[in-house]
Amino acid sequence: MRKRIGILTSGGDCPGLNCVIRAVVSHATLTYDWEVLGIPYATQGLRERQAIALNMHGWDLRGIDPLLNMGGTILGTINKGDTLAHIDEMLASYEALALDALIVIGGDGSLGILHELANRGNWNLVAIPKTIDNDVALTERAVGFDTAVNTIVDALNRLTFTAASHDRVMIVEVMGRSAGHLALHAGIAGGADVILIPELSYTISRLCQHIAELRDRWQRKFAIVVVAEGAKLCLEDVQENIASACAPPKCGRGQYIADQIAQCSQNLIDTRVSVLGHIQRGGIPSALDRLTATVFGKTAVDLVAQGKFGQMVGWQNGEAIPVPIQDVVAQSPLHVNPQGSLVQSARCLGIYVGEKT
Ligand SMILES: Nc1ncnc2c1ncn2[C@@H]1O[C@H](COP(=O)(O)OP(=O)(O)OP(=O)(O)O)[C@@H](O)[C@H]1O
Ligand SMILES: O=P(O)(O)OC[C@H]1O[C@](O)(CO)[C@@H](O)[C@@H]1O
Ligand SMILES: [Mg+2]
């Protein structure tokens, strides 16, 4: 019998989601002649029993396929809501839509929620990792991360010249509440002098010392500081700074660090803060994200064809392979390894990445 599969995107949007949808729809229809239903707004669409028929090639009048390079998700997404309160409606929807399988594209948070739903409803679930945070376990790639890194690197390139022209310390706040992959990758690739991430706490005195050293020892009058939104102070500094007018969450991490740096020395240090915010989630997907999205989408459809459910498509050692969603959820969010090559390389290049653990 002709299969009917559902597909949804959940969690924060990112570049490359449409490219996954394109690959799934193309492979499912061309190779297997299945019907593909898009569930809008993730769990909300499931709850409201909404579905849109997706056909091959969302071509415009000139025959261009916009899904290859369009940011965001044509299905819409959500990253909040009390799913447990509406669990029965969602379970009933899967049955009512007569789905043979559901392909979900999500980050660690979404995969946890959908895995739970699938267990309770006995759904045939296949997952694809996406997130600019890159914190999904058991995969070396997640759709959207590469584009976000490139977006930040582009911003750092621009900020370096204006920082150098004015002898300023530029503080650049990037996303990453609990994992610092984005800050670390972009910071190294973008030539940052300081990278502060949730996994490695920093001290104000070492931060100030590093900025002073750049100036006094290396005659560098400007500096680039990349701060993840979840960067953490060392415990002793937390106690001292708790009463500070601008301690997080009263202010963002970037502004807080700018204030601390400005007070570092008698010499006036001129600071400016750029919060990149949701710019990091926008833009057209990079070539790498398009490739990852395409292979992930194709592999997910094959897993459905083979009846291999409860699996996420992961990227390991240059190949797309199935990994149990249960293990992914148990091991996520994936944190930066403080002893890993990236942190060690950053340190050897004279970047302050927080204290050694
Ligand atoms: N579809 C959803 N429905 C309800 N709550 C959600 C949904 N997606 C995410 N959340 C909430 O957001 C929390 C964190 O998820 P998060 O925002 O990290 O999404 P994600 O899927 O991991 O994607 P990303 O990290 O890329 O945004 C979850 O633990 C959950 O509380
Ligand atoms: O503003 P929103 O959409 O709730 O999401 C913000 C969060 O989502 C993420 O971008 C991941 O997509 C986090 O790094 C960030 O903290
Ligand atoms: Mg997440």
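This text goes with the structure placed above it.
Summarised in this report is the structure supplied together with it.

Cut-offs applied
Residues numbered from 1 in each chain as written. Chains lettered and ligands numbered in written order. Predicted model: local features only at pLDDT ≥ 70, side-chain atom pairs only at ≥ 80, totals over all residues. Helix = DSSP H or I, 4+ residues; strand = E, 2+ residues; numbered from the N terminus. Expected span 1.5 Å × (residues − 1). Buried ≥ 20, exposed ≤ 12 C-beta atoms within 10 Å, placed from the backbone. Contact = placed C-beta atoms within 7 Å. Near = placed C-beta within 6 Å. Nonpolar A, V, L, I, M, F, W, Y, C, P; charged D, E, K, R; others polar.

1. Overview of helix 5 (residues 145–166)
Right, so step 1: In this model helix 5 runs 32 Å from its N-terminal to its C-terminal C-alpha over 22 residues, within 8% of the 32 Å that 1.5 Å per residue would give.
Right, so step 2: For helix 5, the full list of buried residues reads Phe145, Asp146, Thr147, Ala148, Val149, Asn150, Thr151, Ile152, Ala155, Leu156, Leu159 and Ala163.
Right, so step 3: If you follow the buried residues of helix 5, they end up packed against strand 6 (169–174), helix 6 (181–189), strand 8 (223–228), strand 9 (271–275) and helix 10 (287–306).
Right, so step 4: Positive phi appears at Asp167, one or two residues downstream of helix 5, with a value of about 55°.

2. Some words on unusual backbone geometry
Negative phi characterises most residues that are not glycine, and trans characterises most peptide bonds.
Right, so step 1: Cis geometry marks the peptide bond from Ser332 to Pro333; its omega dihedral reads 0°.
Right, so step 2: Its location among the elements puts Pro333 in the loop between helix 11 (325–331) and helix 12 (341–348).
Right, so step 3: Its identity as a non-glycine residue notwithstanding, Asp33 has a phi of 60°, on the positive side.
Right, so step 4: Relative to the assigned elements, Asp33 resides in the loop between helix 1 (17–30) and strand 2 (35–38).
Right, so step 5: If you check the backbone angles, Asn134 has positive phi at about 55° while not being a glycine.
Right, so step 6: Looking at the element boundaries, Asn134 is found in the loop between strand 5 (125–129) and helix 5.
Right, so step 7: In this structure Asn134 comes out as buried when scored by C-beta crowding, with 27 C-beta atoms within 10 Å.

3. Topic: the site of ligand 1
Right, so step 1: Surrounding ligand 1, one finds 18 residues, the nearest of these being Gly11, Gly12, Gly107, Gly109 and Ser110.
Right, so step 2: Taken together, the elements giving at least two residues each to the shell around ligand 1 come down to helix 2 (42–47) and helix 4 (108–121).
Right, so step 3: Looking at which element gives the most residues to the shell around ligand 1, the answer is helix 4, with four residues.
Right, so step 4: Looking at side-chain class alone, the shell around ligand 1 contains three nonpolar, twelve polar and three charged residues.

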